[in-house]
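Next come the chains, spelled out residue by residue.
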Amino acid sequence: MISETETSPKPSPVELIKESSNYLRGTILEGLADTSTGAISSDDTQLTKFHGIYQQDDRDIRRERRRQKLERAYSFMIRIRVPGGICTPEQWLVIDRLASEHANDTIKITTRQAFQLHGVLKGNLRSSVNQINKSLLTTIAACGDVNRNTICNPNPYESHIHEEVYAVTNRIAEHLSPRSRAYHEIWINGTLAAGGEQKDEEPIYGKRYLPRKFKIALAIPPRNDVDVLAHDLGFIAIVEEGSLAGFNLTVGGGMGMDHNKPTTFPRLADVIGFVNPDQVLAVAEAVVTTQRDFGNRSNRKNARLKYTIEARGIDWFLAEVESRVGFTLKPSRPFNFESMGDRYGWSRGTNGKWNLNLFIENGRVLDTDSQPTRSGIREIAKIHDGDFRLTANQNLIIGNISESRKAAIEALVSRHGLSDGGKQSGIRLNSLACVALPTCGLALAESERMLPGILDQLEEVIDGCGLRSDEITIRMTGCPNGCARPYNAEIGLVGKAPNRYNIYLGAAFDGTRLNKLYHKANNTAEILEKLAPIIRAYASERREGERFGDFTIRKGYVEACRHGNEFHN
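Here's a quick rundown of the structure. Bear in mind that the values here come from a model prediction, so they are computed numbers and not experimental data.

## Regarding the sheet that holds strand β11 (residues 345–348)
No. 1: In space, the five strands of this open sheet follow the order β3-β14-β15-β12-β11, with antiparallel pairing throughout. Where the open sheet ends on each side, the last strands, each with one partner, are β3 (86–87) and β11.
No. 2: Against the sheet, helix α14 (residues 403–415) engages β11, β12 (354–358) and β15 (396–401), with an angle of about 150° to β15.

## A word on the pairing of strand β5 (residues 115–120)
No. 1: Counted residue by residue, β5 has five buried out of six residues, so it is predominantly covered.
No. 2: Here strand β2 (residues 74–80) runs beside β5; their pairing, made up of four bridges, is antiparallel. Looking at the pairing, arginine 79 lines up with glutamine 116 of β5.
No. 3: Inspection of the sheet shows strand β4 (residues 107–109) paired to β5 by two bridges, in the antiparallel sense. Bridge pairing links lysine 108 to glutamine 116 in β5.
No. 4: Between β4 and the antiparallel strand that follows it, β5, lie five residues; glutamine 113 among them carries a positive phi value of about 55°.

## A short note on the sheet that holds strand β8 (residues 233–240)
No. 1: Strands sit in the order β6-β7-β8-β9-β10 across an open sheet of five strands; the sheet is mixed. Each having just a single partner strand, β6 (151–152) and β10 (270–275) make up the two edges of the open sheet.
No. 2: As paired strands, strand β7 (residues 216–219) and β8 are joined by four bridges and run parallel to one another. The partner of alanine 219 across the bridge, within β8, is isoleucine 236.
No. 3: Against the sheet, helix α10 (residues 280–294) engages β8, β9 (243–251) and β10, with an angle of about 155° to β8.

## Description of the environment of tryptophan 92
No. 1: Within the secondary structure, tryptophan 92 is located in helix α5 (residues 89–101).
No. 2: Residue classification places tryptophan 92 among the buried positions, given a relative accessible area of 0%.
No. 3: The spatial distance from the C-alpha of tryptophan 92 to the C-alpha of glutamate 526 is 40 Å, given a sequence separation of 434 residues.
No. 4: When sequence neighbours within four positions are dropped, the list of residues in contact with tryptophan 92 reads Cys87, Ile107, Phe115, Val365, Ile377, Ala381, Phe388, Leu390 and Leu396.

## Brief notes about the packing of aromatic side chains
The description of an aromatic ring pair uses the distance of the two centres, along with the angle that the planes make with each other.
No. 1: Summed over all chains, the structure comprises 18 aromatic pairs.
No. 2: On the numbers, 4.9 Å between centres and 85° between planes, the contact of phenylalanine 294 with tryptophan 316 is edge-to-face. Of this pair, phenylalanine 294 sits in helix α10 while tryptophan 316 sits in helix α12 (residues 314–325), and the two are 22 residues apart along the sequence.
No. 3: Ring plane angle 80° and centroid distance 5.4 Å describe the contact between tyrosine 487 and phenylalanine 567, whose orientation is recorded as edge-to-face.

Cut-offs and rules
Residues numbered from 1 in each chain as written. Predicted model: local features only at pLDDT ≥ 70, side-chain atom pairs only at ≥ 80, totals over all residues. Heavy atoms only, no water. Pairing = 2+ DSSP bridges. Helix = DSSP H or I, 4+ residues; strand = E, 2+ residues; numbered from the N terminus. Contact = heavy atoms within 4.5 Å. Axes fitted to C-alpha atoms, helices over the stretch in contact; angles between N-to-C directions. Buried < 20%, exposed > 50% of the residue type's maximum accessible area, 1.4 Å probe, protein only. Phe/Tyr/Trp six-rings, centres within 6.5 Å; stacked < 30°, edge-to-face > 60°.

Below is the structure:
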C-alpha cells in the first residue's frame, strides 16, 4: 500500500469525511431526527450514498422556492441493490407499495439491474429502508465508494451456463459487500451500538473504502447485454465443450468524463487474462484492493480504476494483481459478442417454464392515462408464482412463469397494453436514458423526459427509410457522467447545457468500440437536422450486414475510437 507522506497529494474532502465517519455512521441518525429541515448535512449526504440514498431536490421549482425564500424542496432517492437483477413477486409488491406510500408513484429500473424510488421525504427514509430490508432486499452499497450492484444476464434458466454465472454473480456481490454494522444500526435498529468503531472491521475496504465507485459485470457471449467492457471489472464467460471453463478478466472500463477536460474520458476495459471459476473471488478482491491502495484519493475526477491503469500501465496492474493472488493469470481465450440488446417477447427456459421480456421505456414503471404499466405489473405480481428480472437495458422479464399461469399473465399483459417489443421500432428497443432533471443535481439538461419525443421524430425518418426493424443503439444523458453509458452507443446524446446536447457517433453495436464527438451543443431540433441525413444515407448506402456505427466510421462522419485516451482527439 502506498503510504501517505508529507509529500503525498492532499486527500480530497470526501476522503476525510469517510475516514472520520466511524465506518459510515457520521451524524446520519441525528440528521434524520432534525425536523427543522428537509435536508441532512453535507458530510452526511456523502455517507448516505453508501447506504443507497441520495439527497436531491426538485429543480423544476427551485427558482420559485428561492423567490419565496423557502428551503429547496428536498427529497431522497433510494436505490435498492438486486445482484443479478432477480427478485420475487412479493418483493416487487413491497417496492410498488413504497412507491405509492413514500415516493412519487413510480419505480425506476436502472442500467445496473437495481430499483430506484424517487421523491422520498426525510421523515419516511427509515421506514422505507426498514421495509425494504424486511423484504430481504437491501440498499447497502447500492451507491458510494464501494462495489455497487453486481450485474449479469438475468435469466439463469436460459442455459445451465447462465445458472452457473448467476451463482458466481451472487458470490461476488456477497464477498465484496461492506461489513460495517452502521447500516443496521441506523436503518433497522435506530440506535448506534456502543463502541461500534472498535468492533467494526472492513477487511477489504478499510476505513476510507475505495477512492471512487466500483462496478462489476459478468457477460455470457455472444450477448453483451450488460455492456461488460464499460465496467471497472468484468468477467466474460468462456464455454468449452458445453461447460463453463472460466472467465476472461477485464479491467479499467468506465463511462464518466467532464466536458472540456481532456484528462477525463470514457474508457473500455482491457482483457488481461483468463481465470478458473474457483479463482474468481480471489481475483475480484485483488483488483478491488489494488484500486483501494493505488487509486487517486486527491482528485475524485481521476479516481476511477481506469485512471489508475492509465497512469501506471496495464502491465504494472496485471503484475500487482498477480502478486496479490499468488498465481499467474492464464492467457485470455477467444470470444465473440453480437449485440448489447435484450431479447424481447416469450422464451422458454431449460426448466420448462416461460419468460416474457417486456419493454419498459427508460426503465420508468408508471401509470399514464394511455399506458397503465405499473398497474399491469402489480396485477401480474399478485398471481405470479415465478420471479421478476431487471435487465441492464432497463427492461423487465416476467420470469419462471408456470404453464398453469401463462394464459392468465398473457391476458393481463394484453389488458394493460404491456409491450413485448413487437410494435416498437428497433431504435426505441435499443434506447437508454438516465433520470436527469428534475431530481439529479448533476444534470445540465433533460434526458428521460426528452428522449421519447426525440425518438418520435427520428422514427418518422426511420420509417420513411424502411429501417423500422433495424436495431440502432441510442443513449441519452443529462450530463457527461455517463450513467446511461452514452459513449458506448451508436448514437450518444450528452447534455452540455439546458436544451443543448453533444452528438456522438460510431460506437460498435456489440459494445467493443467507443463513439466519438460528431457535433457540439445542439438543441433538440438540431439533433434531428444532424441525424436525419445520416440515417437516410445509411439506408441507401450501407453494405450488407453493416451496422449504423460502423457505417458512420466508414463514411467519415467520425473516426474509430478504440481507446479512451483517443476520445478527445
